[in-house]
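A look at the structure
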Amino acid sequence: MAENIYESILSQIQDFDLGQLESVEVGYVSEVGDGIARVSGLDNVRYNELVQFENGVAGIAFNLEKGNVGVIIMGEYDDIQEGNTVSPLGRIASVPVGMGLVGRVVNALGQPIDGRGPVQFDEYYNVERIAPGVMERRSVDRPVQTGILAIDTMIPIGRGQRELIIGDRQTGKTAVALDAIVNQKGQDMYCIYVAVGKRRGEVARIRETLEREGAMDYTTLVVASASDAAALQYLAPFAGCAIGEWFMENGKDALVIYDDLSKHANAYRQVSLLMRRPPGREAYPGDVFYLHSRLLERAAQLSDERGGGSLTALPVIETLLGDVSAFVPTNVISITDGQIYLEAELFNSGLRPALNTGISVSRVGSSAQTRSMKDVAGGLKLQMAQFRDLAAFAQFGSNLDKSTQQQLDRGLRLNELFKQGQYQTLSLEEQVAITYAGTSGLLDDIPVDRMLDWKEGFLRSFRTQFTDVADFLRENANNKVKEQIQEKLKAAITTFNETWS
């Protein structure tokens, strides 16, 4: 009997396999509240590493301090108690990327929230990635057609550019961004719309609109709504950028819209103050500039050696009472390659989009336009800026000479041509035709209050009667045929004017 027991114990000792043992680092919650937790025992955790609490909620190691780690909680924290265990997941905060995310609605961690099952993805990308270096880029020279006449003619956006959309609330910032997405249909451009701090109802309306316009076929929505934790709102733009970078690094073109970075900065301020990081100007932490610069610098036009892909960024900033000199707006203006400034006064006067051509600028300029657009819209921005000055001067009721009055009248007509309803985007050839009509003097006899009727009628004829002109413009968008284009357009516009009443 004793021998059997001895042999049984001996065989168990001999068969014991050390390979089944696994060393796991476990921390313990020492303090929790307001969306953050202080965790002790995670001595080897890395910055931005994902951790998991006992109840399954994820968190990110945000502050690495002596003796404890400050973790921002990515979800509900009511069930997390002092003494709960915390386990590192072994990977830096990352999101799934790939073609499987096209047409989906995901949260800041890349998890689907559209009720359509799991996301099919190719790999994970870290949310924080190093921006491409100077030698890995090439100059921006291909246009992003927004379909908005005023933007594509005067403030052109190029693939790989960072163009800020800035203005007070309710001035049409999101409308401009959505128009840009809708117009990418058939343009071989993948879009990522990042909604930060928006109401869920508003996000649902945006999704419904994109589906109605057929834009969800090439768009991904990344949502961190106003009811989500501040940590998720802080992470969402970085997650959206990582999703866009996958397209860029695989030789494709992507457009990412951050709507908006004012709420993003507020979420980062909230998280930083809870972590007891020292506050600076307007209570923002000292690195709030770096927060947005490291995000926006990742937008690039890669060199041919890197595949030639691009990531274009359209960040949105909300100002208060038109104050563009506030802390966050000036930071983002200094990082981006230009801004589209939407003015509340112009919006209320009926000019939609309410574009202030004086303050708005694109630092890429005409290098991001096709040759046909350059030919007809060359001095248009200067012309409109002079018109604004003249309009202000003419308010004093002074007698104006004939040339000044003519310039003023033409500016008024161009202003009417630039009025455009939402989701009524124009193709490149339509924009070239309308711009030529407005700048060449062929519309000087049309009454100002009938310009919108003329535009509507001409577009209808252009799409039906003058398809040969439209085809010629489309085929020769980058060819040196300025005289031929002008000749064909002049004939088409003159013919239409003779029959239009």
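For the structure itself, look to the data block above.
The structure presented is a predicted model; accordingly, all values stated were derived computationally and were not measured. (Residues numbered from 1 in each chain as written. Predicted model: local features only at pLDDT ≥ 70, side-chain atom pairs only at ≥ 80, totals over all residues. Heavy atoms only, no water.)

**Regarding the sheet that holds strand β5 (residues 69-73)**
Strands sit in the order β1-β2-β5-β4-β3-β6 around a closed barrel of six strands; the barrel is antiparallel. Pairwise comparison of adjacent strand axes, ignoring direction, gives a mean angle of 45° for this sheet. By the bridge criterion, four bridges tie strand β2 (residues 36-40) to β5 in an arrangement that is antiparallel. By the bridge assignment for β5, I36 is matched with I72. Strand contacts of helix α6 (residues 261-274): β2, β4 (58-64) and β5, with the helix running at about 65° to β4, the strand carrying the most contacts. (Pairing = 2+ DSSP bridges. Helix = DSSP H or I, 4+ residues; strand = E, 2+ residues; numbered from the N terminus. Axes fitted to C-alpha atoms, helices over the stretch in contact; angles between N-to-C directions. Contact = heavy atoms within 4.5 Å.)

**Side note on the side chain of T439**
Within the secondary structure, T439 is located in helix α13 (residues 428-439). A distance of 2.8 Å separates a polar atom in the side chain of T439 from the backbone oxygen of T435. If we skip the residues at most four places from it in the chain, T439 touches V376, L380, Q383, R410 and L414. (Polar contact = N/O pair within 3.5 Å; in protein donor to acceptor, adjacent residues only side chain to side chain.)

**Some words on the packing of aromatic side chains**
Enumeration over the complete set of coordinates arrives at 12 aromatic pairs. Seen from their ring centres, Y190 and F247 are 4.6 Å apart, and the 10° between their planes marks the pair as stacked. Residue Y190 is located in strand β11 (residues 189-196), and its partner F247 is located in helix α5 (residues 230-249); the two are separated by 57 residues in the primary sequence. Look at Y190 and you get buried, because its relative accessible area is 17%. With a relative accessible area of 1%, F247 lands in the buried category. Pairwise contacts between aromatic rings join F62, Y234, F238 and Y268 into one cluster. Positioned above the aromatic ring of F472 is the side chain of K488, whose terminal nitrogen or guanidinium carbon lies 5.0 Å from the ring centre. (Phe/Tyr/Trp six-rings, centres within 6.5 Å; stacked < 30°, edge-to-face > 60°. Buried < 20%, exposed > 50% of the residue type's maximum accessible area, 1.4 Å probe, protein only. Lys NZ or Arg CZ within 6 Å of the ring centre and 35° of its normal.)

**Examining helix α8 (residues 327-335)**
Here α8 lies mainly inside the structure; seven of its nine residues are buried. Of all the positions in α8, only F327, V328, P329, N331, V332, I333 and I335 are classed as buried. The secondary structure elements touched by the buried residues of α8 are β10 (164-167), α6, α7 (288-296), β15 (310-318) and β16 (338-342).

**Observations regarding the pattern of salt bridges**
Applying the stated criterion to the full structure yields 31 salt bridges. For R463, the salt bridge goes to E430, with nearest N and O atoms at 2.6 Å. With R463 in helix α14 (residues 451-464) and E430 in helix α13, the pair connects residues that are 33 residues apart, well separated along the chain. Here D453 and R450 are joined by a salt bridge, their closest N and O atoms 3.7 Å apart. Residue classification places D453 among the partly exposed positions, given a relative accessible area of 40%. In this structure R450 comes out as partly exposed when scored by relative accessible area, which is 30%. Here the salt bridges do not stand alone but share partners, grouping R129, E136, E245, E249, R298 and R306 into one network. (Salt bridge = Lys/Arg side-chain N within 4 Å of Asp/Glu carboxyl O.)

**A short note on a nonpolar patch on the surface**
Nonpolar side chains collect at one region of the surface, where I5, I9 and I13 lie side by side and expose about 300 Å² of accessible area between them. In this structure, I5 sits in helix α1 (residues 2-15). (Patch = residues over 30% accessible without salt bridge, like charges linked within 9 Å, V, L, I, M, F, W, Y side chains within 5 Å. Areas by Shrake-Rupley, 256 points an atom, 1.4 Å probe, with all protein chains shown as cover.)

**Remarks on the environment of N63**
Along the chain, the position of N63 falls in strand β4. Residue classification places N63 among the buried residues on the basis of a relative accessible area of 8%. Taking the C-alpha atoms as reference points, N63 and L346, 283 residues apart in sequence, are found 45 Å from one another. Dropping the residues within four chain positions of it, N63 is found in contact with N68, V69, G70, M275 and R277. A polar atom in the side chain of N63 sits 3.0 Å from the side chain of E65.

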